[in-house]
Amino acid sequence: MLQLSAGAVITLLSVFIQRGIVVHCFTPSYSSSTAIQQHQCRQSNSNIHSTATDTGTDTGTGTQDFRQTTTIPPTVPLSKNTFAGQIENAIITKYGEEDTQRVLQSWRLLEKDYEHREYVGDNNIDSSGKSKSKISPEESNCYQYTHSYVEGLTCVPFWDINTQPWATKLQKKYKTIRNEFLNTISNKKVLEEEGNNIWAGALTEEAGGYGEGWSTLVLMNRGMWDETNCNLFPQTAKAVLACGVPATEIFFASMKPHTDIKLHSDFTNFVLTSHLAVDIPESGKNKCRLSVGDDVREWINGEVMLFDTSIMHDAINESDQMRYILMFRVWHPDLTEVEKNALQLIYDCLEYPDLLSEDASIREAAEVEIEKVRTFPKLKTVSSGFGSGGSGSNKGGGKKKNKKKGKR
């Protein structure tokens, strides 16, 4: 019988939190648990060294000790008698050990409960090579804090979107995405009846610490398309696909007026976060802002931002209206294709453990299911628009589905 160590249990929960249905940057809707919150707060006394006498402000999300520096400990192969060890063996069998060293190390570090903490303010440099940070490490928020850590990846608060062709293409789709979004959400009754887990909020009291004003509407989760919701936003889904966004998660996110999201980390460095500003109240008047490390930027309608949420970050909406964005979790550009595939295999095994079965027929059935949910869904034809009673209407008169989110 397989043994599931305490570390592996945390691994499973942590991954589902970081890659779950409603777990995204800034989301207070994190499907969290007390065990996870404790895991995220716990210090590893053997490898953490304080860089300041003031270890930071308690934000209520377990990040009060983020101003610390860690040393990466050595790792060893995991036992094949554990679930985590079987996943490691599956990676090596499918992709080889040499090309997946960084992923294997990351998986082993997570099993050891290692939390990587590092001051990264000196990484944020201008065109002349000088640091942009004018704040001392003792006072800075520019710290990376992550327990899902792949070594050697570039870590800066904000990325230049001009280095990512998909981001500039996405900006050109703004009007199409905005028009469809506003049209669709205008019919709240039909949206709730036909949609899947529409505007999911905080699932636990602990997760609610990120702020009560944040909700999500998912189009893709862990690389798996939500066919129901994609059919509510077919033009958006097709636009994202056409732009080649390297996404593992795609969702609309709302933020209520006069709310904020406290300083926190998303605890994963091998995916970056991107926002397309869809409907920003008083756009350009600095009412809706995002801070990553020590950098502060405002959402501007139609603009894309790409940033690293393994760095401490927060957000605020000081306007009198709801703020809407289209949000993505995307693979870090420094990862190789083999590394992306190996990381995806981890999540596939967590979602479909039968991929590890010794029975070939069971394994093949799981592989078929994975392929099915990763295939872009068949979308209905867009005509006069959902909100106006066009493609969103149930002309056949059949029973509408309000499928709850979960394993597919």
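The structure under discussion appears in the preceding block.
These numbers were taken from a predicted model, which means no experiment stands behind them.

1. Quick notes on the overall build of the protein
And step 1. Secondary structure assignment for the protein yields 11 helices and 15 strands.
And step 2. In the protein, which comprises 408 residues, the proportion classed as buried is 54%.
And step 3. Across the protein, every contact between residues at least 6 apart in sequence was considered, and the portion connecting residues at least 24 apart equals 76%.
And step 4. Entry remark: accessible area of the protein is about 17,500 Å², with carbon and sulfur atoms responsible for 49%.

2. Notes on the packing of helix H6 (residues 174–185) against helix H9 (residues 234–243)
And step 1. Where H6 meets H9, the closest approach of the two axes is 8 Å, and the angle between their N-to-C directions is 155°. For the element pair H6 / H9, the angle class is roughly antiparallel. Every pair of crossing elements has a handedness; the one defined by H6 and H9 is left-handed. Within the contact between the two elements, H6 uses Thr176, Ile177 and Glu180 and H9 uses Pro234, Gln235, Thr236 and Ala239.
And step 2. When grouped by side-chain class, the residues that make up the contact of H6 with H9 number three nonpolar, three polar and one charged.

3. Structural notes on the environment of cysteine 230
And step 1. Here cysteine 230 is to be found in helix H8 (residues 227–230).
And step 2. On the basis of relative accessibility, which here comes to 0%, the residue cysteine 230 falls in the buried class.
And step 3. Taking the C-alpha atoms as reference, cysteine 230 lies 8.4 Å from methionine 220; in sequence the two are 10 residues apart.
And step 4. With near-sequence residues (within four places) excluded, cysteine 230 lies in contact with Leu219, Trp225, Ala237, Pro377 and Leu379.

4. Examining the side chain of arginine 329
And step 1. Tracing the chain through its elements places arginine 329 in strand S15 (residues 323–331).
And step 2. By relative accessible area, which is 1% here, arginine 329 ends up buried.

5. A few points about the sheet that holds strand S4 (residues 143–148)
And step 1. The three strands are arranged S3-S4-S9 in an open sheet whose pairing can be described as mixed. The strands lining the two open edges of the sheet, one partner per strand, are strand S3 (116–119) and strand S9 (267–268).
And step 2. The sheet contact formed by S4 and S9 spans two bridges and is parallel. From the neighbouring strand, serine 148 faces S9, where its bridge partner is threonine 268.

6. Things to note about the pairing of strand S13 (residues 304–307)
And step 1. Across the two faces of S13 the burial is the same, with Val304 and Leu306 and Met305 and Phe307 all buried.
And step 2. Bridge analysis of strand S10 (residues 271–279) against S13 gives four bridges, and the strand direction is antiparallel. Paired with histidine 275 across the two strands is methionine 305, which belongs to S13.

7. Looking at the pattern of salt bridges
And step 1. One pass over the structure, following the stated rule, counts 12 salt bridges.
And step 2. Put simply, aspartate 260 and lysine 262 hold a salt bridge, and the shortest N to O gap is 3.2 Å.
And step 3. Classification of lysine 262 as partly exposed rests on a relative accessible area of 37%.

8. A closer look at the side chain of asparagine 317
And step 1. Residue position: asparagine 317 is located in strand S14 (residues 313–317).
And step 2. Within polar-contact distance, the side chain of asparagine 317 engages the side chain of serine 319 at 2.7 Å.
And step 3. At 3.0 Å, the side chain of asparagine 317 forms a polar contact with the backbone oxygen of glutamine 321.
And step 4. The contacts of asparagine 317, once residues within four sequence positions are left out, are Met255, Lys256, Pro257, His258, Thr259, Pro281, Lys287, Cys288, Met322 and Arg323.

Cut-offs used in this document
Residues numbered from 1 in each chain as written. Predicted model: local features only at pLDDT ≥ 70, side-chain atom pairs only at ≥ 80, totals over all residues. Heavy atoms only, no water. Helix = DSSP H or I, 4+ residues; strand = E, 2+ residues; numbered from the N terminus. Buried < 20%, exposed > 50% of the residue type's maximum accessible area, 1.4 Å probe, protein only. Contact = heavy atoms within 4.5 Å. Areas by Shrake-Rupley, 256 points an atom, 1.4 Å probe, with all protein chains shown as cover. Axes fitted to C-alpha atoms, helices over the stretch in contact; angles between N-to-C directions. Parallel < 35°, antiparallel > 145°, perpendicular 65-115°, else oblique. Left-handed = near helix turned anticlockwise from the far one by under 90°. Nonpolar A, V, L, I, M, F, W, Y, C, P; charged D, E, K, R; others polar. Pairing = 2+ DSSP bridges. Salt bridge = Lys/Arg side-chain N within 4 Å of Asp/Glu carboxyl O. Polar contact = N/O pair within 3.5 Å; in protein donor to acceptor, adjacent residues only side chain to side chain.

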